[in-house]
Amino acid sequence: MAKGDVKLLGTWASPFALRVKIALKLKSVDYEYLEENLRGGKSELLLKSNPVHKKIPVLLHGDRPVCESLVIVQYIDEVWTYGPSILPSDPYDRAIARFWAAYVEDKVWLSMRAFMTANDEDARVEAVAKFKEVSVLLEDAFVKSSKGKPFFGGDEIGYVDIAFGAFAGWFKVIEKALNVELFDEATTPNLLAWVVAFLAHPAIEDIIPSTDKLLEFATNVVLPSIKAVAPASQ
C-alpha cells in the first residue's frame, strides 16, 4: 500500500496520537503524518473526518476515517496482519487486555489532569496518592499478563503496553516537575522496570518526545489552557 493511502491526523505531544504512531511502527506501515495545530483552529479535514468528537487522532485509510486511539490500534492490528500481533490471539487474554486498556483510558488520563491542575502541595500529594492507587492495580495486572516477560504483551509490546506506555513521556515530565516518583521498588517494582524496557524498545525510539520538550509544552501551552477554562468549569 502506498504511503499516501494511510494518513494520521494528530498532535506531536498527544499520548493518544502516540498510541497510533507506535502501532503503525510495530506493523511497519508507511503513512503520512499530518500535524494539527489545534490552537490555530481545527482543520477542515479533521472536522470532516471526525464530525462527532472533532478530536485527534484520526487514521485515514484510503478515504475511510477511523477515530479514537484504542479503536485505531485494534483496527491496525486487524488490517495489517503481518508483523507482531498487538492483541493476544486467545479470546480470554484478548478480553483481559481490552479491560485493562479501558482501565488505563478511564483512570490514567484523569490522573494526568489532576497533576496538571494541582495548584498547591495538598492537591499534588492527593494527585500522587490517586495515581499510586491506579498503578498498584496495574502492577498486579502486569504480573498476571506478562507471565515473567518484559511487557504486558509478553516478549513484545502489546495492546496494554501501547495504551499505558504512550503516557511514559508525561510520567517523566511529572516526576521532573514535581520531584516525585510515580513508580518505585516498594510498591510497583515491575512497572518501574517496564517503563525502562518500554522506552528502550526499538518501536518507541523517536516516537516519545523528550522530557524537556514535553515539559516546555506543558508549561507554555497545557497549563495556560487549563487555567483559561477553569473558571468556566467551576
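Before any of the text, the structure's been laid out above.
Here we summarise the structure given alongside this text. This one's a predicted model, so the numbers in the text were calculated from it and none came from an experiment.

Rules of the game
Residues numbered from 1 in each chain as written. Predicted model: local features only at pLDDT ≥ 70, side-chain atom pairs only at ≥ 80, totals over all residues. Heavy atoms only, no water. Helix = DSSP H or I, 4+ residues; strand = E, 2+ residues; numbered from the N terminus. Rg over C-alpha atoms; globule rule 2.2 N^0.38 Å. Buried < 20%, exposed > 50% of the residue type's maximum accessible area, 1.4 Å probe, protein only. Areas by Shrake-Rupley, 256 points an atom, 1.4 Å probe, with all protein chains shown as cover. Lys, Arg positive; Asp, Glu negative; His and termini not counted. Charge placed at Lys NZ, Arg CZ, Asp CG, Glu CD. Polar contact = N/O pair within 3.5 Å; in protein donor to acceptor, adjacent residues only side chain to side chain. Salt bridge = Lys/Arg side-chain N within 4 Å of Asp/Glu carboxyl O. Contact = heavy atoms within 4.5 Å. Pairing = 2+ DSSP bridges. Axes fitted to C-alpha atoms, helices over the stretch in contact; angles between N-to-C directions.

Notes on the overall build of the chain
Alright, step 1. Each helix and strand in the chain was counted, giving nine helices and four strands.
Alright, step 2. The N-to-C order of helical and strand elements in the chain reads β-α-β-α-β-β-α-α-α-α-α-α-α.
Alright, step 3. On C-alpha atoms alone, the chain measures out to a radius of gyration of 18 Å, which is about the 17 Å that the 2.2 N^0.38 rule sets for 234 residues.
Alright, step 4. The dimensions of the chain, computed from C-alpha atoms along their principal axes, are 50 × 45 × 30 Å.
Alright, step 5. Here the chain holds 234 residues, and 45% of them are scored as buried.
Alright, step 6. Surface accessibility of the chain: about 12,100 Å² in total, with carbon and sulfur atoms responsible for 55%.
Alright, step 7. Across the chain, the centroid of the 26 positively charged side chains sits 5 Å from that of the 32 negatively charged ones.

A word on the side chain of His 61
Alright, step 1. Structurally, His 61 is set in strand β3 (residues 58–61).
Alright, step 2. There is a polar contact of 2.7 Å between the side chain of His 61 and the side chain of Tyr 75.

Quick notes on the pattern of salt bridges
Two side chains with opposite charge may pair up if their charged atoms get near one another.
Alright, step 1. What the rule picks out here adds up to nine salt bridges.
Alright, step 2. Between Arg 124 and Glu 121 there is a salt bridge, with its nearest N and O atoms 3.5 Å apart. Of this pair, Arg 124 and Glu 121 are both found in helix α5 (residues 121–146), three residues apart, which corresponds to roughly one turn of the helix.
Alright, step 3. Between Lys 130 and Glu 126 there is a salt bridge, with the nearest N and O atoms lying 3.2 Å from each other. Of this pair, Lys 130 and Glu 126 both sit in helix α5, four residues apart, which is roughly one turn of that helix.

So, the environment of Val 160
Alright, step 1. Considering the arrangement of structural elements, one finds Val 160 in helix α6 (residues 159–165).
Alright, step 2. On the basis of relative accessible area, Val 160 is assigned to the buried category, the value being 6%.
Alright, step 3. Leaving out residues up to four positions away in the same chain, Val 160 has contacts with Ala 97, Trp 100, Ala 101, Phe 152 and Gly 165.

What about the sheet that holds β3?
Alright, step 1. Pairing is mixed in the open sheet, where four strands are placed in the order β2-β1-β3-β4. Of all strands in the sheet, those with a lone pairing partner are β2 (32–35) and β4 (64–67), marking the two edges. The average angle at which neighbouring strand axes cross in this sheet is 20°, direction not considered.
Alright, step 2. Bridging between β3 and β4 involves four bridges; their strand directions are antiparallel. Along β4, the bridge assignment pairs Leu 59 with Val 66.
Alright, step 3. Seen against the sheet, helix α1 (residues 15–26) touches β1 (6–10), β2 and β3 and runs at an angle of roughly 155° to β1.
Alright, step 4. Lying over the sheet, helix α3 (residues 69–79) contacts β3 and β4, oriented at roughly 125° with respect to β4.

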